[in-house]
Structures are given as structure tokens and as C-alpha cells.
Amino acid sequence: MARLTLDCLAKGRFLRFLLTAQAAVLGLATLHAPPLSAQQVTSPEQFFGFRMGEDRKLARWDKLVEYYRLLERQSDRMKVVDMGPSTMGNPFLVLFISAPQNLARLEEFRAMNLKLADPRGVSEEEIRRIVSEGKAVVVQSMGLHSTEVAASQMAAELTYDLLTRNDQEARRILDNVIAIMIPCFNPDGEIMVTDWYNKYVGTQYEGVSLPVLYHKYVGHDNNRDAFQTNMVESQYAAKILFRDWIPQAYVDHHQMGAWGPRFYVPPYAEPIRPSADPIVWREMEWFGGHIAYKLEEAGIAGVINHAIYSGWGHFGFHWITPFHNIAGMLTESASARLASPLYLHPDQLRGGMRGLPEYEEQTTFPNPWPGGWWRVRDIVEQQKIAAWATLDIAARNKETLLWNHYLKAKRQTERGAAGPVKAYIVPAEQHDRLTAITMINKLLAQGIEIHRAEREFVHEGRVYGPGSFVISMAQPKMGVIRWLLGRTFYPDNSYTRDRDGNPIRPYDMAADVMAEFMGVRVDPVGSAVPLEGFAVVREEIKPAGRVARGQRGYRIDGRLNAAFKAVNLLWDRGASVSRAIRDAGGAVRAGDFVVTSAPEAAVQEIARATGVDFEPLNADLGDAAQPIHRLRIGMYQRYYGGNMDEGWTRWILEQWGFPYTSLLDADIRRGDLNSKYDVIILPADRLEMMTGERRGEEGGFGPSPEDYPAEYRSGFGQEGVDALRQFVENGGTLVTFAEAGELAIQKFGLPVRNVVAGLSSKEFWCPGSTLRVNVNRTHPLGYGMPREALATFLAGGQVYEVVPGSRNERVQRIVTFADREILQSGWLLGEEVIAKKAAMVSVELGRGKVVLIGFRAQHRAQTHGTFKLVFNTLVSVPEGAGRLAENSY
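Computed from a predicted structure; not experimentally measured.

Peer 1: Summarise the sheet that holds strand β23 (residues 615–616); cite the residues concerned and give the values.
Peer 2: As summarised here, the arrangement of the five strands in space is β23-β20-β22-β21-β24, forming an open sheet in which the pairing is antiparallel. Sheet topology places β23 and β24 (625–628) at the edges, where each strand pairs with a single neighbour. Pairing between strand β20 (residues 554–556) and β23: two bridges, direction antiparallel. Each bridged residue has a counterpart across the sheet, and for Arg555 the counterpart in β23 is Glu615.

Next comes the structure, spelled out in C-alpha cells:
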């Protein structure tokens, strides 16, 4: 007590001391360990030599890791967990901060929390005990988008405050809350951006954004990866959020554009995505109201809520968490110029966004910022207030949060049991059975309960074989299941159209239906499935392929995406591979792969690694199978922040074993491309971003080239266009995704036109939706596909018709939109514009061809159902296959 008295008096906090002393006398103080003094814990300023957010200063991730490990040694209020290496091998840390006695019982509190998150089979008496004795769990993440530099800096200061503050508010947080922080969601990007910024600070290029993706593969799309968890960082976060802890609240701290409000805080604007428990939306208002209140209390201007970001967004971490019964929230701070300050004049501040038509006072924006200098330190301070306020309200209302965590789970389970869809069945019989298992594994990563049939069963008149999966809706995460497996229609109402009736673009996608993206058959059923004879799937399924050699070798099912990985591994080992060009008496289908000879050990290894069956081939196929070989692949890569579609495509090629070379502008301009490449890919991109040309009187397509050092200015110009055309005419294949097709159509004069080009949004509108298409499976580019499929179409996509001419046979239609009822999920206006039009064509040019894929066949590595349309362009066409291909379905 004497030490506490001197500490409080020395700091002039006598009133706070009296309150604390009174609590101690009454036995209400709950921290049993003596508080650490601030002098025992190193401050960020002491460690780094500058204050977090100081102008032109950034702490690098390796030093931040060193700092957190130092704090763990200095304080008993924190545990540091290294989840493993990031994509590029840097530590991915998670910080657990709470009172020492809570950290000592961390596993016990985790088990309590999981019972609240899924109370099935738990007595109400036990629930009430947990509510009384348990702790609120709050997860906050920083630095997901690495050019949004403030949050990863703020995390160090927030951590220090939690470890050193001993006032009543801090003690309440430490005693009642387990604060979990992901202090840098993208360690690789934080290092890239810090190094880039430091290289040019003090020069004319200071503050310009990184010229490449700030994640090795996915850049800004890393927060679109929450429901498919392709990246290892997403897998770590999903483990914390969806399986191990399932917190009551989650906040993801971001930055936005510089020209409007200074700080967006919860709740979201309209529209919201239905099927979450209503309490979760009220919780977001509750948390957001407290955050805004504390910001106004601190004199922070420019705070807005219930605006800008709608409640229906992409299924990233903060937008999918409400359906995990977590109050999933977002903060967005106005940006500076990386770590450099930015001056804004009053007339540069604007509204014109969702929920803020004018930059003027309104109930959700009562204190507009007047303009002036804007600094990273401003962002750090307001983010820290928001992060602290989140912990504060959780600490003050711990029992309410825990009880409602239970209620949300209980009521969602009841809603799922009573709803029109009682379960989703994933039949064992699938077009691509291994992709279906991949989907099941992704659902397991969400913490969803799945049962597997051990024998055949019949439900609602359908027979399902052993190995079929049942996903009941009578479970707490019914909302996640509904949106990942169920058909989805984006709302078309006054919230989603402007005053003139023009549709307002959704925040990213109009639908994120995993099953549709992946081409997996899922049957919704209206009655509960009796689960006797079913086993709960508790671990990731890792199928091992079977191997049985026939008299003529092996057959590999060409319908499997994984078949291409198996073939690439065979080629790596020097094996010869053929491909069936037509059905042959039941022995093979068109598109199947044939291996006549390969080392037995290699085949066994590949089967184990890929899950692909090497089936016995006994029939003599004659000319029904022809040799194929690996193609030399090049893919265009540009600067100006990089191209996420390119990055995702790189990742896919690597995962499926396709060797490739990234081509920069100079590589293309140099010409002689046929000597090195057989196929070149142009990922989805605007024409001017590839060529470097300007469009319109004002010009510009983002950053001015002059903003960047000369070596980071992009555009291959007319010289590159000519080189690409020569490459095709000399026998090469050019593959374009979505809007990148404009280059070939416009610059090469191809005899096709994009029928949706130039149409108004009232005439045609399709933002992030799945559309019904028919596939020409007799064409080598359609091999292995189902006759009817779903294409993921985004803004910027293309739809083709052939321009009438004398050589129409040079254009072959591979994929065609259905004639009616084209929309499967999402939002589509103007169906008649695209009905019966081509979604993918192959156009002969000279001795080569251009393959135009108007939709996103490999979008974010999520659309497994159309991967084969890409993969087929990357292996040689079997001899004679072209003669069999017809424009028929």
C-alpha cells in the first residue's frame, strides 16, 4: 500500500488512489499480483528511439517481434505465441494479454468459452457458472493491409499500456478480459512497405505506395481469404477466431482514403446480410457507440459510424465473423502518405459516399474534421482509443457478453433446426470428388460440424453413397453454412440503388457461395437427416490415391483438378503422358490422362501426395489417346502496386505444379517470345495498366508514372503489343482473363466484340456473381468439365459475340451462357444481353491462338469449378483433338 500511495501521489492521481484504496479495503480489488511499475517495462519510445506514429518513422516487423518478446520477459501480463512462419518465413505472432492469474488458467478459460460458443449438451447450470467465472474474449488484428501502416505501430503502444497501466479501468480489463492481439496480420508486407518507405524517405518519391503486391501473392485481397483460407496467415487467424477461441468480439483495424471522414467506427451501414443472430448486430452498435463516445470524449474530430461500409460485404474476417456469432467489426482511419504527413484543405474534404451524402454534420457524423495536417500519429491515437474502448466495454459488461454469446449460439441452433433447409448433403458422387473433399476441409477450418456417412442412405427419395457428408443447420454456425452453401440473392432495393435508380456496387462480391465457386454438388434438404451410422469429421481429410497398374498402364480421371498436379509431378520425373481425345468404349473419357510407363515408386508417391487414383488401363486405345507435353508458360507482371489477379494466378500455378516465368515490360518488349514460351497469360487488368497509355483528356490511371522511380514505371507500349501479336502469329497461345481481353480484341483486331462494353449499369449489371454456363466438352479447352457449370463473373468481365465475316470458323466457342435463368447467385440485371453469348472463346490468329476467358475462372484461387478451363490452356493439345472439337454442347 505504501508503494501504491507514493506512486499515486507522485502522479497527482490522488482521487484515483482513494478509489483504488477503498476497493482494496472492501476486498473488491481482484488482481492479486502486485502491479508492475512502468519503469520495469520498456516503452516503445525507449526501444525504437521514436514515438509510434512519429513523422517519417516506421518500426520494422523484425524489431517489433524482438520488442514483443522482450515485453513477455518483462511482464507477467502477456504470453506471446508464434503460430508459425508467414508465407515468406517471418514469425506470425499472437499476443495474449490478461491478468497473470488468468494467463495461468488460459486453457481452462478457452474450454469455458468454447462451451458458450457451442452449448449443445451443456446444462444451463454449467452455462451460468461459466458466465460468472469466465472471461470475455476479444480479438483485435492490425496490419492486414500493409500500406495502412499505423495499426502495426499502434499495437506496440497499446500492448505497452496494457502491461503498465494500473488504474481501475486497466485493472478491470486485465481481470475480466482475455485480450488477444494479432499485432501484424501480414508480417511480410510490413517489412516490404517499411523497407520501401525508408529507401525513399527524404527524396521526391517519399510516400508513394509500394510498386508491387504487399503480400507475395495476394496483396490487398488477403482479407478476402477468410472463408477459403488459402494463405497461411488466414489459416492462423481462422484457427484463433473460428476454432480455438471464438471470441465475443473481433475488431480489424484498417485505413481508408484520405479525403473524407477521419475515422469510421462500427456499426455498418445498410444493407446487412441476413441470417445472423439479431444480438450480434446490436452488439456492433453497442461496441461502436462506446468507441465513438470515447473518441468524442478525447476530442477526436471526424468520427463517423453507420456509414461507408455496408453490413453486406465480402466474406473477409470482419464480415464473416457475425455469422460465427462474433461481433465482427471494422475501423477505418483516413490515410496519410504511408508514414509522411498529408495536408488537406477544407474544400478537399468530401462526402458523396454511403451514409454521408455531404461532408456536413449529421447524427452519425456530429464533429467534422476541419482540415489541416494529417499524420500517422493521429491515426495511432484514434486507433488506440478505439481498441482500448473495445476492451473497456467488454470488461464492464463481461457477464452480459458471455450470456449473450451463449444465447446467440443456442438461438442460431434453434433457427437452423426450424428453418426451411434442415441440412446440406454433399454426395460422395461428384464430378470432381477431390475438390469436394477440399471444400469439406475448408468448412472444417470454419469450425463447422460435419458428419460422414459410413454406409449408403436414402433421404427425400435420393440415394447417397458411403462417404457422403451431411452438414446440419441445427448448429451454432448455421449462418456461415447458409451463405457458403446456399443459393444467394443480393438485395435489389432502395438501399442498393441511388436516387436515379442506378445500382450501387456491393462492397466487393454480391455472393460468396463456396460450393458454387468450387463446382461441388450440394443438396439442400427440407427434413432433418437421421445421423445414426454417421461419424463426426474431426480432422482434415487427406485422401491417398490408389494405384493399380493395368496391361496398358494407368488411367487418370481428367475431371479432377488434382489430375493436373499429378501430371506435372510425372513430368518432373521424366514420365511420358498421353491424353484421350475421345471416349473409348468405357476405358477412358475424352480428357483423361494416360500413363503407359512410369516408375512404380514415383506413381505411389504421387498418388499419396495428390489423392489421385492411378486406375488400371487394359484396353488398347489406338489413336484415341495422343501424347501431350508440358508447355513453357510466361505471365505478365506489372508495377503500380501489382496486380492481385496475377498474384493469385502465380499461387495457383505453384500449387498445381506448373512451372512459369514472370514477364516484366522489358521481357515482352524484347520480343522473340516464341523462343522461350509456348503460352503467355495476361491476368485480369485494364488495357492502359498493361500498355502504359493514358485514357481520356485528363489522363491518369492511378499514380502518375512520374511519382515512381524510373525502374518501377510500367507499360510495355506499342512495342510490347507488337511483340505479343507476333508471338501469337508465330504459333504461341495468348490467354487473357476478363478485361485483359480488351488488349487482344482492340490491338489485334480479333473478329469478336465484347457485348457488355459501354453499357450503362441499368442495361447490364453483374457484380461478383455466379452465372450458369454450358461447356463444349469436345474441345480440348473444355476437357474434364461438366456440361453445365457456374462461372464467377465480376465487374470488368467480358461477354463475346463473333463479328460476321468470311472466316467465322476461326473462332471456337468453349463456354456459352445459358439461354435463360442465368443467375445462380448474386445480382444480375440485363440477362437478355448475355443469353446464349460466349463466355470463353478461342480465336485463331496466324499459326497461334488467343484464348479469351471473359470471367474469372481462377478468381482468388476460390473458383475450383472452372480451374480446368485455365489448366487446359497450359498443356499441349493432343494431335487430332482439334478435328473432333465442335461448337456444340
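Peer 1: Let's hear about the packing of helix α6 (residues 106–117) against helix α15 (residues 398–418): which residues, and what values?
Peer 2: Relative to each other, α6 and α15 sit at 45°, their axes nearing to 7 Å. With respect to α15, the element α6 is oriented oblique. Between α6, through Asn113, Leu116 and Ala117, and α15, the contact on the second element is made entirely by Leu402, His405, Tyr406 and Ala409. Residue composition of the contact of α6 with α15, grouped by class: five nonpolar, two polar and no charged.

Peer 1: Tell me about helix α19 (residues 561–572), and please be specific about residues and values.
Peer 2: Helix length check: α19, at twelve residues, gives a terminal C-alpha distance of 18 Å against a target of 16 Å (1.5 Å per residue), a fit within 8%. With respect to burial, α19 is a largely interior element, ten of its twelve residues being buried. Along α19, the residues classified as buried are Asn561, Ala562, Ala563, Phe564, Ala566, Val567, Asn568, Leu569, Leu570 and Trp571.

Peer 1: Describe the sheet that holds strand β6 (residues 263–265), listing the residues and the values that go with them.
Peer 2: The strand order across the open sheet formed by eight strands is β1-β2-β4-β3-β5-β10-β6-β8, and the pairing between neighbours is mixed. Each end of this open sheet is capped by a strand with a single partner; those strands are β1 (78–85) and β8 (303–305). Across the sheet, the mean angle separating the axes of adjacent strands is 20° when strand polarity is ignored. In this sheet, strand β10 (residues 327–334) lies alongside β6 in antiparallel orientation, the contact comprising two bridges. Bridge pairing links Tyr264 to Glu332 in β10. Lying over the sheet, helix α9 (residues 168–176) contacts β2 (91–97), β3 (136–142) and β4 (177–182), oriented at roughly 85° with respect to β4.

Peer 1: An account of the nonpolar core is requested, with residue identities and associated values reported.
Peer 2: If you look at the biggest cluster of nonpolar residues, it comprises 168 residues, and the most contacted ones within it are Tyr68, Met439 and Leu443. Apart from the residues within four sequence positions on either side, Leu443 is in contact with Ile448, Ile450, Ile471, Leu484, Leu485 and Met514. Within the second largest apolar cluster, 77 residues are counted, among which are Val775, Phe817, Ala818 and Leu828.

Peer 1: So what about helix α10 (residues 187–200)? Which residues, and what values?
Peer 2: The end-to-end C-alpha distance of α10 is 21 Å, a good match for the 20 Å that 14 residues give at a rise of 1.5 Å each. When you tally the buried positions in α10, you get eleven out of 14 residues, the bulk of the element. Among all positions of α10, only Pro187, Asp188, Gly189, Glu190, Ile191, Met192, Val193, Thr194, Trp196, Tyr197 and Tyr200 are buried. Contact partners of the buried residues in α10: α4 (61–74), β2, α8 (150–164) and α11 (232–244). With its phi angle positive at about 85°, Gly202 sits one or two positions after the end of α10.

Peer 1: Give a detailed account of the packing of aromatic side chains, specifying residues and quantitative values.
Peer 2: What the rule picks out here adds up to 46 aromatic pairs. Between Tyr554 and Phe614, the ring centres sit 5.7 Å apart and the planes meet at 90°, which makes this aromatic pair edge-to-face. You can see Tyr554 sitting in strand β20 and its partner Phe614 sitting in the loop between α20 (600–610) and β23, a full 60 residues away along the chain. The buried category is assigned to Tyr554, whose relative accessible area is 0%. Chaining the aromatic ring pairs together yields one cluster made of Phe227, Trp312, Phe315, Phe323, Trp483, Tyr490, Phe517, Trp765 and Trp827.

What counts and what doesn't
Residues numbered from 1 in each chain as written. Predicted model: local features only at pLDDT ≥ 70, side-chain atom pairs only at ≥ 80, totals over all residues. Heavy atoms only, no water. Pairing = 2+ DSSP bridges. Helix = DSSP H or I, 4+ residues; strand = E, 2+ residues; numbered from the N terminus. Axes fitted to C-alpha atoms, helices over the stretch in contact; angles between N-to-C directions. Parallel < 35°, antiparallel > 145°, perpendicular 65-115°, else oblique. Contact = heavy atoms within 4.5 Å. Nonpolar A, V, L, I, M, F, W, Y, C, P; charged D, E, K, R; others polar. Expected span 1.5 Å × (residues − 1). Buried < 20%, exposed > 50% of the residue type's maximum accessible area, 1.4 Å probe, protein only. Core = buried A, V, L, I, M, F, W, Y, C linked by side-chain atoms within 4.5 Å. Phe/Tyr/Trp six-rings, centres within 6.5 Å; stacked < 30°, edge-to-face > 60°.

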